[in-house]
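In case you want the letters, here they are:
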Amino acid sequence: MKFLGLFFFLTSICFGQIDTTFNKKKDIDKLFLINDSLRINLYKIYTLQKDTTYVDTSLTIKSEYKYNLLRKDIFGLLPFANEGHTYNSLDFALSNKNAMPNFGFKAKHFNYLEATDIKYYNVPTPLTDLYFKTVMEQGQALDAFLTVNTKPNLNFSIAYRGLRSLGKYVNNLTSSGNFRFTSSYYTIDKRYFLNAHFTGQDISNQENGGIVNLQEFETSEDPFNERERIKVYFTDATSLLKGNRFFIDHSFKLNKENPNSLVFTHQFNQEYKFFEFTQPTVNERFGDTYTNKISNKTRYNHLYNKFGVAYKTKSYGDLEFFIDDNNYNYYYNSVVYDINGNITVPNSVSDRINMIGGNYTYLINRINVRLHTSQSITDQSISNIEASANYKLNDDYNFQFKYQKLNSLPNLNFTLYQSGYIDYNWFNNFKNEKLNQFEFSAQTKWLNVSATYKVLNDYLFFDNQTNDITELTVKPIQYDKTINYLSVKANKEIKFWKLALDNTILYQSVEQSDDIVNVPQIVTRNTLYFTDYVFKKAMLLQTGVTFQYFSKYYANDYNPLIGEFYVQNETKIGGFPMFDFFINARVRQARIFLKAEHFNSAWTGYDFYSAPNYPYRDFIVRFGLVWNFFR
């Protein structure tokens, strides 16, 4: 009851503090309402690819799906027990590859904002966005954002996302911070455009390695219904991912009058990051050690420059040629010797890669075609070909096709890793990974459907050599056979009166000689909800129940030492229902959220896991809000 009291208390605050007279500002006169959704078309948000959206203060079922730490719909991702830890991937189509080698440690990057994740803004008046949500014991999640145009052509934004959550289990604290600062500028004659940002990010997790005795969790009898009583593998291990990035993207148009003109472009990216795993007391689960305490630190420096020249035309599309310079250094402060004194594992992998390529974009009537090709001109044999076509018949029908052929270098932690644990030291020379990928999507008023087909060759993955969940000797492996992957996802919302049923279902199939890419065959999410105005139409209320389910499968397990998921074929998880009950409300630009998560957990059995020895979340009630201010 105290949560409901706070829910309506926050509502009353909104009634008292939100100014309903927007017409006091001349710029806000251009607000418009569409289907009870307040969309402010002057407050623009855009990406590096110039995809533009607007500030949206509406309350829809999509608002409910995006109300989480990542601020996006996480269908296909299965969160761990504590907020901000990591996610197991149910949808293999979500995994993306680049031609260039990445840092690796992918399990720690879900909450890490890459350069392509940063948004830029153009607003007529200062805009503030506040996100708040309670967590799992002692802490909170907060994302605070402010943007302002000091001039019509000059914008600044500053934001910070902070999280601290103790968690229900021993040694499960999460603490993270994501600082962002952006600036956008263009000249009055619109010949020169600049987008720049700085990010400083740190993601820290206490790592308990999962629970030791699954029976303690699955019976959940006293005292083990208090989760801190359940024994875990590690009580003093911690991982930390930290990084800083400076980024600039700018262009200059040669002729300000003629729409057919040369445009010179330049992109700069300088990033430093490291991943650290510390464990004052060694644990036999990872095998023998060199020292009596573990302090692994992997460092990474990356310097990237891209220079291009484009010819933009009014009638024939835009053609661009570019050359880029990718310089990286992935390193440790030590080397590993064998018993004869020979170096078996060096301290660094450094390289410089240059690529040339081109882009072509053509928009004719309702068809938008994009082509991209790039090829290395240095010793590394890497390449990328992408083609996409989008056809928008009208507001009800939109069709898209994409194709990608990729020849990419392995992520750097596949090539080199050092640790105080003897078995976790390697230096490999793997082949390039090859990918052919086809994607098709159709958005219609009857059904939204998308399909992905991947052909993988020389696929890299992590595997436990002992095939024992209690002893982990995880190493990188390259699969020498072909893997074929197919997924089909469909979405349909059915509305009747003030009720709606939103359905999303994913089907996946894999053809392979060995069990390497393991996925659930079926993943589904179904939400039945009610929407109506209350309090003389001063509040929009939304309440309902969400059902989620995925079929049993050999899910990848999580290894905190290397910050990666690894393939296992001994333990299946899944096949358990997840029900959430929610009550959401909107008062002007404030949206308030109250949710009873996994409220069926005690009724349907304690066999719910996010990974083979990591339990999913117990029943918990959480609340918070998203509040926009327009000054």
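Remember, predicted model here, so these are calculated numbers, not experimental data. All residue numbers refer to position in the chain's written sequence, counted from 1. It should be noted that, the model being predicted, local features are given only for residues of pLDDT at least 70 and side-chain atom pairs only at 80 or more, the latter also being counted only at that level, while totals for whole chains, interfaces and linings use all residues. Excluded from the side-chain calculation are hydrogens and water; included are all heavy atoms of the structure.

### Overview of unusual backbone geometry
For residues besides glycine, phi is generally negative; the peptide bonds are generally trans as well. This is how it is decided: Helical segments are the DSSP runs of H or I of at least four residues, strand segments are the runs of E of at least two, and each set is numbered from the N terminus.
Put simply, D222 and P223 share a cis peptide bond, and its omega is 10 degrees. Mapped onto the elements, P223 comes out in the loop between α3 (214-219) and β12 (237-253). Notably, E137 is not glycine yet its phi reads approximately 80 degrees, a positive angle. The topology assignment puts E137 in the loop between β7 (127-134) and β8 (140-151).

### A closer look at a nonpolar patch on the surface
Put simply, the rule is: Patch membership requires over 30% relative accessible area and the absence of a salt bridge. Like charges are linked within 9 Å, and nonpolar side chains (Val, Leu, Ile, Met, Phe, Trp, Tyr) within 5 Å. Areas reported here follow the Shrake-Rupley algorithm with a probe of radius 1.4 Å; residue values treat only the protein chains shown as occluding. Think of a salt bridge as a Lys or Arg side-chain nitrogen and an Asp or Glu carboxyl oxygen that are within 4 Å of each other.
A cluster of nonpolar residues, F252, L254, L262, F264, V309, Y311, L319 and F321, forms a patch on the protein surface that exposes about 690 Å² of accessible area. Those elements giving two or more residues to the nonpolar patch turn out to be β13 (261-279), β14 (294-312) and β15 (318-331). Tracing the sequence through the fold places F321 in strand β15.

### Digging into the packing of aromatic side chains
What counts, and what does not: What counts as a ring pair is set by centres within 6.5 Å for rings of Phe, Tyr and Trp (its six-membered ring), and what kind of pair is set by the plane angle: stacked under 30 degrees, edge-to-face over 60, tilted for all other angles. Throughout, exposure labels follow a simple rule: accessible area from a 1.4 Å probe, protein chains only, divided by the maximum for the residue type, with under 20% read as buried, over 50% as exposed, and the rest as partly exposed. Counted as over-ring charges are cases with an Arg CZ or a Lys NZ within 6 Å of the ring centre that also lie within 35 degrees of the ring normal.
Summed over the entire model, instances satisfying the criterion amount to 52 aromatic pairs. Relative to Y330, the ring of F103 has its centre 6.0 Å away and its plane inclined at 65 degrees; by these criteria the two rings are edge-to-face. Taken together, the residues F103 in the loop between β5 (87-89) and β6 (120-122) and Y330 in strand β15 connect sequence positions 227 residues apart. Note on Y272 and F274: the rings are 6.3 Å apart at their centroids and 50 degrees apart in plane angle, and the pair reads as tilted. You can call Y272 partly exposed: its relative accessible area is 25%. For F274, a relative accessible area of 9% translates into the label buried. Here the guanidinium or amino end of K306 rests over the ring plane of F322, the centre of that ring lying 4.4 Å away.

### Digging into the environment of T199
So the rule is basically this: Residues are treated as being in contact if the distance between any of their heavy atoms lies within 4.5 Å.
Considering the arrangement of structural elements, one finds T199 in strand β11 (residues 192-207). Overall, T199 belongs to the buried group, its relative accessible area being 1%. Through-space distance from the C-alpha of T199 to that of I592 is 29 Å; in sequence the pair is 393 residues apart. Setting aside chain neighbours within four positions, we find T199 in contact with I118, F179, R180, G243, N244 and R245.

### Overview of the pairing of strand β26 (residues 459-464)
Quick note on the threshold: The criterion for strand pairing is that DSSP finds at least two bridges linking the strands in question.
With 6 of 6 residues buried, β26 is to be regarded as a mostly interior element. Residues Y459, F461 and D463 line one face of β26 and the alternating positions L460, F462 and N464 line the opposite face, and both faces are buried. Judged from the 6 bridges that link them, β26 and strand β27 (residues 474-479) form a sheet pairing that is antiparallel. Note on β27: the bridge partner recorded for Y459 is Y479.

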